[in-house]
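Letter by letter, the chains look like this.
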Amino acid sequence: MRFVVGGAGFSGAVVARQLAEAGHEVTMHEQRDHLAGNCYTVRDAGTDVLVHEYGPHIFHTDDERVWEYVNRFGEMVPFNHRVRTTVGGRVYLMPVNLLTINQLFGTALRPDEARAFVEQKADSTIEEPANFEEQALKFMGRELYEAFFEGYTRKQWGRDPKDLPASILSRLPIRFNYDDRYYNHQHQAMPRNGYTEIVANIVDHPGIEVHLSSPLDPQGGRAGFDHIVWTGPLDAWFGHRLGRLGYRTLDFDRFTAAGDYQGCAVMNYGDYEVPYTRTSEHKHFAPWEQHQQTVVFRETSRACGPDDIPYYPIRLVDDKELLSQYLELARGESSVSFVGRLGTYRYLDMDVTIGEALRAADGMLEAIAAGDPIPPFFVDPS
Ligand code: UDP
């Protein structure tokens, strides 16, 4: 069959590769002038530092299939991500762990003592947390929440944490030992030569033709193809005809300095009064490299306008209503499948994106083998 794929980030690349390996012809269209979507990494011209152009991306997974897959296309170097946060003029470790607790409260608690201490602070009257704030109060109590989460989350999402889903907080662990790694996953790594090289290797197949700076037109772009895989924004496929799904976009204030600017890869800023959410110092994402100079991104978050890059899907009540209307339209389309963070309007990590793209391709190939129509979705995005 002849497929056309809109978007050359991980989702589009992985689906294209799987289809091409099964003998199908795939044409890819990418509106940007480069591969890898928001995972794009490139060497900074002035310093040679490998920069995550659209903000930090750290690879972490428990999914063996995904781990084998990325290792097939690039060399992954073990990398334990560690984050610090500045609050009230002091520096603490994130995610909240025993040192964070002992520093904030001026204590010297051991694990069991800290667990009992935090439990006694936690609001046990909340049974089913209905929002981000309730989730935080239930698990850590008011002091930890106000210091490390309230201000940061207001800045990041532009909303009162009472209006945000509890699931956002569930991304972060709270630990009662001195383990300060940001993630719990079995595999935590960075690509030695960046993500762009991995995506380039994924799409390097005789069955795949890639067109950069060439957006797929939802109207005319499907002519001559049996099936379309759309990894761009779901609402963009329909020309935003019902309105726009809400996203947050990011602005990066980028600067170069000599030496070591902050001594770590990511410094968060928990205080609401500090306008930025975090600063990323990119050479610390590749600690095996040596650089005299350093490149720093100071990151702020704001509502995404029509010409901005969509980063984080907001998924509040009004977005979800609009989403359900778009899903209805999507299910009525013939010969189109919607895949990935933008195609399904969900907050996805890279490993989940790759895993879902692999399963989407499996589903497409199964449908073809059975002579069935290819479904529009392979996960429930509602
Ligand atoms: N968060 C916070 N304080 C922090 C770090 C994270 O309040 O210092 C909250 C915030 O709401 C954020 C969420 O936890 O959106 C998830 O954080 P994560 O680091 O996973 O976000 P990402 O790196 O994907 O932006």
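Residues numbered from 1 in each chain as written. Predicted model: local features only at pLDDT ≥ 70, side-chain atom pairs only at ≥ 80, totals over all residues. Heavy atoms only, no water.

Participant: I would appreciate a short explanation of the site of the ligand in the present structure.
Facilitator: As a structural note, the neighbourhood of the ligand is formed by 16 residues, with Thr153, Tyr182, Asn268, Tyr312 and Tyr347 the closest of them. Within the side chain of Tyr182, a nitrogen or oxygen atom sits 2.6 Å from an oxygen atom of the ligand. In this structure, an oxygen atom belonging to the ligand sits 2.5 Å away from a side-chain N or O atom of Tyr312. Coverage of the ligand by the protein chains reaches 94% of its 520 Å² of free accessible surface. A total of seven residues in the shell around the ligand trace back to one element, the largest contributor, which is helix H5 (residues 132–157). In the shell around the ligand, the residues fall into 11 nonpolar, three polar and two charged. (Near = heavy atom within 4 Å. Polar contact = N/O pair within 3.5 Å; in protein donor to acceptor, adjacent residues only side chain to side chain. Areas by Shrake-Rupley, 256 points an atom, 1.4 Å probe, with all protein chains shown as cover. Helix = DSSP H or I, 4+ residues; strand = E, 2+ residues; numbered from the N terminus. Nonpolar A, V, L, I, M, F, W, Y, C, P; charged D, E, K, R; others polar.)

Participant: Please explain the packing of helix H2 (residues 64–73) against helix H10 (residues 350–370) as it appears in this structure.
Facilitator: Helix-helix packing is described using two parameters, namely the angle between the two axes and the distance between the axes. Viewed as axis vectors pointing N to C, H2 and H10 meet at an angle of 95°, and their least axial separation amounts to 9 Å. It follows that H2 is roughly perpendicular to H10 by the angle criterion. Listed contacts from H10 to Arg65, Val66, Tyr69 and Val70 of H2 are Asp351, Ile354, Gly355, Leu358, Arg359 and Asp362. Here the contact of H2 with H10 is built from residues that sort into five nonpolar, one polar and four charged. (Axes fitted to C-alpha atoms, helices over the stretch in contact; angles between N-to-C directions. Parallel < 35°, antiparallel > 145°, perpendicular 65-115°, else oblique. Contact = heavy atoms within 4.5 Å.)

Participant: Teacher, can you tell me more about the side chain of Arg175 here?
Facilitator: Mapping Arg175 onto the fold places it in the loop between H5 and strand E9 (187–191). Reaching out from Arg175, the side chain makes a polar contact with the backbone oxygen of Arg181 at a distance of 2.7 Å. For Arg175, the residues in contact, after removing those within four places along its chain, are Pro95, Val96, Asn97, Leu98, Ile101, Asp180, Arg181, Tyr182, Tyr183 and Asn184.

Participant: What exactly am I supposed to notice about the nonpolar core here?
Facilitator: Soluble, globular proteins show a tendency: their nonpolar side chains are buried together. Phe10 and Leu234 are the most contacted members of the largest nonpolar core, which totals 100 residues. Ranked by the residues each element gives to this core, the list is headed by H5, at 10 residues. When near neighbours in sequence (up to four residues on either side) are disregarded, Phe10 contacts Cys39, Tyr195, Ile198, Val199, Ile202, Met350, Thr353 and Ile354. (Core = buried A, V, L, I, M, F, W, Y, C linked by side-chain atoms within 4.5 Å. Buried < 20%, exposed > 50% of the residue type's maximum accessible area, 1.4 Å probe, protein only.)

Participant: When you look at empty space enclosed by the protein in this model, what are you seeing that I'm missing?
Facilitator: Which parts of space are left empty comes out when a probe the size of a water molecule is rolled across the atoms. Enumeration according to the criterion identifies one cavity of 30 Å³ or more in this entry. Computed from the structure, the largest cavity encloses a volume of approximately 60 Å³. As for the largest cavity, its lining consists of Thr41, Leu50, His52, Met190, Pro191, Arg192, Gly194, Tyr195, His282, Phe285, Ala286 and Trp288. Those elements that provide at least two residues to the lining of the largest cavity are strand E4 (50–52) and E9. (1 Å grid on protein atoms, 1.4 Å probe; cavity = no way out; pocket = protein on both sides within 12 Å on 5 of 7 lines; lining within 4 Å. Points joined across faces, edges and corners; volume = space filled by probe spheres on them.)

Participant: Quick question: what am I supposed to make of helix H4 (residues 111–121) here?
Facilitator: Residues three or four positions apart in an α-helix share a direction because the helix packs 3.6 residues into each turn. Restricting attention to buried positions, one finds in H4 the residues Ala114, Phe117 and Val118. Down the axis of H4, the buried side of the element spans an arc of 95°, and every buried residue falls inside it. Opposite the buried face of H4, at more than 90 degrees from it, the exposed residues are Asp112, Glu119 and Gln120. Buried residues along H4 sit in contact with helix H3 (98–105) and H5. (Arc of directions from axis to C-beta.)

Participant: Looking at this structure, I do not really get the packing of aromatic side chains. What am I missing?
Facilitator: For any pair of aromatic rings, the description rests on two quantities: the centre-to-centre distance and the angle between the ring planes. Inspection of every chain in the model, using the stated rule, returns 21 aromatic pairs. For the ring pair Phe10 and Tyr195, a centre distance of 6.3 Å and an interplane angle of 85° mean the geometry is edge-to-face. Taken together, the positions of Phe10 in helix H1 (residues 10–21) and Tyr195 in helix H6 (residues 195–203) put the pair 185 residues apart, joining distant regions of the chain. Take Phe10: its relative accessible area is 5%, and that puts it in the buried class. An angle of 80° between the planes, with centres 5.0 Å apart, marks the rings of Tyr269 and Tyr276 as edge-to-face. Take Tyr269: its relative accessible area is 15%, and that puts it in the buried class. Given the relative accessible area of 21%, Tyr276 is considered partly exposed. Ring pairing ties together the aromatic residues Trp230, Trp237, Phe238, Tyr326, Phe338 and Phe377, which thus form one cluster. The ring of Tyr54 has Arg32 lying over it, and the distance from NZ or CZ to the ring centre is 4.2 Å. Over the face of the ring belonging to Phe139 we find Lys138, whose NZ or CZ atom lies 5.7 Å from the ring centre. (Phe/Tyr/Trp six-rings, centres within 6.5 Å; stacked < 30°, edge-to-face > 60°. Lys NZ or Arg CZ within 6 Å of the ring centre and 35° of its normal.)

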